[in-house]
Amino acid sequence: MPESKARLFSNGRIASAGSTVLLAADVLVDESGRVAAVAPGLAAPEGAETVDCTGCLLVPGMFDLHVHAREPGQEHKETLATCAAAALRGGVTGLVLMPDTAPPIDTGPLVKSATDLVAELSPVPMLQSGCLTKGREGREMAAFSGMASRGVPLLTDADRAVPCPDLLRRCMEYARDFGLPVASHCDTPALSKAGAVNEGPVSYRFGLPGIPAISQEIAIDRDIRVAQHTGARLHLQQISTARGLRSVQIAKESGTPVTCEVSPHHLVLSERGVRDYNTHFKFNPPLRPAADVEALVAGFIDGSIDALACDHAPHTEFEKSSDFGSAPFGAAGLETAVLVIFDRFIRHGVFGWDLLVERYSAAPRRLVGLEPVAVAEGSRAEFFVFDPEAETEVTRTTMKTKSPVTPFLGETLAGKVRGTALGSAWHRHD
Ligand SMILES: [Zn+2]
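Remember, predicted model here, so these are calculated numbers, not experimental data.

**Q** Hey, could you run me through the domain arrangement of the protein chain in this one?
**A** Think of interface size as the accessible area that goes away when the parts come together; that is how it is often given. By domain assignment, the protein chain separates into domain 1 (7–58 + 377–392 + 412–428) and domain 2 (64–367). Between domain 1 and domain 2, the C-alpha centre-to-centre distance is 30 Å. With 20 residues of domain 1 in contact, the opposing surface of domain 2 contributes 21 residues. In this assembly, domain 1 packs against domain 2 so that about 1,700 Å² is buried in total across both faces, 75% of it on carbon and sulfur atoms. Considering only the surface of domain 1 that becomes buried against domain 2, Ala17, Leu413 and Ala414 emerge as the three largest contributors, covering 29% of it. For Arg365, the salt bridge goes to Glu382, with nearest N and O atoms at 2.9 Å. Contributions of two or more residues to the side of domain 1 that touches domain 2 are made by β1 (7–16), β2 (19–29), β16 (382–393) and β17 (412–422). In terms of residue count, the dominant contributor to the side of domain 1 that touches domain 2 is β17 (eight residues). Looking at side-chain class alone, the side of domain 1 that touches domain 2 contains ten nonpolar, eight polar and two charged residues.

If you want it as structure tokens, here you go:
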């Protein structure tokens, strides 16, 4: 663990969700990990370390709603420790763990043991979510009461839809009574079948089985309708099509308590990224046509998309090296999410840091009942130092995840997370 001492973060500019103005100020964090002062020209107290933040931004720590940390059960892909290291490298200071570990987290005692494991192994707070159905098998409801009493932030079958609408309805009724959101993987298995990429020109050209857009769109419509009927809070994971987003917008206009998330890869990559059968571009839901990407970016900006969530889903390079049809879906995302959004949008002026802080720090925390964090006097230190003039090479050796599989591998992205402050700890990245 980094040594605990007071630190003065000098000469930086502070980003926040509410304002496009970057506040020029020094930030003093005391030994206990509290922000003791925020003001220009602060003097470092005796014994304090000074962190020169000239030219850098101090950004509230991000919070990711969709992370597969693979432990327990699949530690060859990722562990809680490597997942935490990747999160800190990416400026992420809190996250929600998906329950699709081995075994799946579907009872109160399993939530407790997962939570104990996090407390033991992870310097980053991680909230353990619980399954909707027993074993994620989509046949009977999981043990909601026990999981709710252990503090799950949401219920989800993590990358699997609940196929039976009657079961989904009962899950939503119980979730509503426990005051828990249902996070839904929007997919219609009868339509997706063994699809590997978006159904369309790319699937035809590559001779790969396609996943049609309606597979997600029908599921979005169904889940919204069941949520309206039951009064449950619904969170739609990994929105990927314009038509699906339109359904969310219509539901929101009618006052339905529905929220949704989008991944960085769905905001910046289209199905055209799927070249040379590169399995690093294989996602579920799949990358879509450029028109969908444009609609998602517009929805991200106008707020019809509530949150950014990276769907950190590490698989080993060996697993990803099989043929495109049989390789698993997903890639590592925690340490590239902020960089990708900065590189593709913020530095070009498409939107500002305030929007990213709202969508990736404040909104996701509110969604699970946490207070948003800010770089402000009296609050616990929870921010990262970002250098917009530096660059980050995304390579196997620079990445902290155990499975450095990402569509951005080999790219040099603009910006660099210099370090992450979390309480009294300062995780400096060289
Ligand atoms: Zn996922």
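**Q** How do you make sense of the sheet that holds strand β9 (residues 155–156) when you look at a structure like this?
**A** Sheet strands pair via backbone hydrogen bonds, and the direction of the pair is either parallel or antiparallel. Strand order in the open sheet formed by five strands is β9-β10-β13-β14-β15, and the pairing between neighbours is parallel. Where the open sheet ends on each side, the last strands, each with one partner, are β9 and β15 (307–308). In this structure, strand β10 (residues 182–185) lies alongside strand β13 (residues 234–237), joined through four bridges in parallel fashion. Following the sheet pairing, Val182 is matched in β13 by Leu234.

**Q** Before we go on, may I ask you to explain the sheet that holds strand β7 (residues 92–97) in this structure?
**A** Reading across the sheet, the three strands line up as β6-β7-β8 and stay open at both edges, with parallel pairing between neighbours. Edge strands, defined here as strands with exactly one partner in the open sheet, are β6 (62–67) and β8 (126–128). Mean inter-strand twist for the sheet, computed between neighbouring axes without regard to direction, equals 15 degrees. When β7 meets β8, the two strands line up parallel, connected through three bridges. Across the sheet, Leu97 pairs through a bridge with Gln128, a residue of β8. Packed on one face of the sheet, helix α1 (residues 80–89) meets β6, β7 and β8 and runs near 135 degrees to β7.

**Q** Would you explain the nonpolar core in this entry?
**A** Ranked by internal contacts, the top residues of the largest apolar core, which has 99 residues, are Leu236, Leu267, Leu334, Trp353, Tyr360 and Phe386. When residues of this core are assigned to domains, at least three map to each of domain 1 (7–58 + 377–392 + 412–428) and domain 2 (64–367). Apart from residues no more than four positions distant in its own chain, Leu334 is found in contact with Asp64, Val67, Cys83, Ala86, Ala87, Gly90, Val92, Leu95, Cys310, His312 and Tyr360. Listed in part, the 16 residues of the second largest apolar core include Val27, Val51, Val375 and Val385.

**Q** Mind showing me how you'd approach the environment of Glu49 here?
**A** Examined against the element boundaries, Glu49 turns out to sit in strand β4 (residues 49–52). Taking relative accessible area as the criterion, Glu49 reaches 23% and is therefore assigned partly exposed. The spatial distance from the C-alpha of Glu49 to the C-alpha of Val29 is 9.9 Å, given a sequence separation of 20 residues. Polar side-chain contacts of Glu49 include one of 2.8 Å to the side chain of Arg7.

**Q** Before we go on, may I ask you to explain the coordination of the zinc ion in this structure?
**A** In an ideal octahedron of six donors the angles at the metal are 90 or 180 degrees, and in an ideal tetrahedron of four donors they are 109.5 degrees. Bound to the zinc ion are the protein donor atoms His66 (NE2), His68 (NE2), Asp159 (OD), Asp159 (OD) and Asp311 (OD), situated 2.1 to 2.7 Å from the metal. Spacing between the donor residues of the zinc ion along their common chain follows H-x1-H-x90-D-x151-D.

**Q** Which parts of the structure should I look at to understand helix α10 (residues 290–302)?
**A** Owing to its 3.6 residues per turn, the α-helix brings residues three or four apart onto one side. Taking 1.5 Å per residue, 13 residues should reach 18 Å; α10 reaches 18 Å between its end C-alpha atoms and fits that length. Each element contacted by the buried residues of α10 is listed here: α8 (242–253), β14 (258–262), α9 (264–268), β15 and α13 (353–367).

**Q** Honestly, the packing of aromatic side chains in this entry has me stumped. Any pointers?
**A** What characterises a pair of aromatic rings is the spacing of the ring centres plus the angle enclosed by the ring planes. Counting across every chain of the model gives nine aromatic pairs. Between Phe345 and Phe351 the ring centres are 5.2 Å apart and the planes differ by 25 degrees, which places this aromatic pair in the stacked class. Arranged with centres 6.4 Å apart and planes meeting at 80 degrees, the rings of Phe384 and Phe386 form a pair that is edge-to-face. Of the aromatic side chains, those joined through ring pairs into one cluster are Phe342, Trp353, Phe384 and Phe386. Between Lys282 and the ring centre of Phe329, over which it is positioned, the NZ or CZ distance is 4.6 Å.

About the criteria used
Per chain, residues are indexed from 1 in the order of the written sequence. With pLDDT at 70 or above as the cut-off, local features in this predicted model cover only qualifying residues; side-chain atom pairs require 80 or more to be listed or tallied, and sums for whole chains, interfaces and linings still use all residues. Think of the side-chain values as coming from all heavy atoms in the structure, minus any hydrogens and water. Segmentation into domains, and thus their bounds, comes from an automatic or database assignment. Contacts are residue-level and defined by heavy atoms, with any inter-residue pair within 4.5 Å sufficient. The term buried area means the drop in 1.4 Å probe accessible area that two parts suffer when joined, counted for both and summed. The term salt bridge refers to a side-chain nitrogen of Lys or Arg lying within 4 Å of a carboxyl oxygen of Asp or Glu. For helices the rule is a DSSP run of H or I covering at least 4 residues; for strands it is a run of E covering at least 2, with both sets numbered from the N terminus onward. Lys, Arg, Asp and Glu make up the charged group, whereas Ala, Val, Leu, Ile, Met, Phe, Trp, Tyr, Cys and Pro make up the nonpolar group; the residues left over, Gly among them, are polar. Strand pairing requires that DSSP identify at least two bridges connecting the strands. Comment: axis = line fitted to C-alpha atoms, over the contacting stretch for helices; angle = value between 0 and 180 degrees taken between N-to-C directions. Residue types Ala, Val, Leu, Ile, Met, Phe, Trp, Tyr and Cys, when buried and joined through side-chain atoms within 4.5 Å, form a set referred to as a nonpolar core. Exposure is judged per residue with a 1.4 Å probe applied to protein chains only, and the accessible area is read against the type maximum: over 50% gives exposed, under 20% gives buried, and values in between give partly exposed. Under this definition, polar contacts are N or O atom pairs within 3.5 Å; protein pairs additionally need one hydrogen-donor-capable and one acceptor-capable atom, and for neighbouring residues in sequence, both atoms have to be side-chain atoms. For Na, K and Ca the donor cutoff is 3.2 Å, while for all other metals N, O and S atoms must lie within 2.8 Å; water is not among the atoms, so some sites may look incomplete. An expected span of 1.5 Å times one less than the residue number is assigned to each helix. Two rings belonging to Phe, Tyr or Trp (six-membered ring only in the last case) form a pair when the distance between their centres is within 6.5 Å. Interplanar angles under 30 degrees mark stacking, angles over 60 mark edge-to-face geometry, and anything in between is tilted. Counted as over-ring charges are cases with an Arg CZ or a Lys NZ within 6 Å of the ring centre that also lie within 35 degrees of the ring normal.

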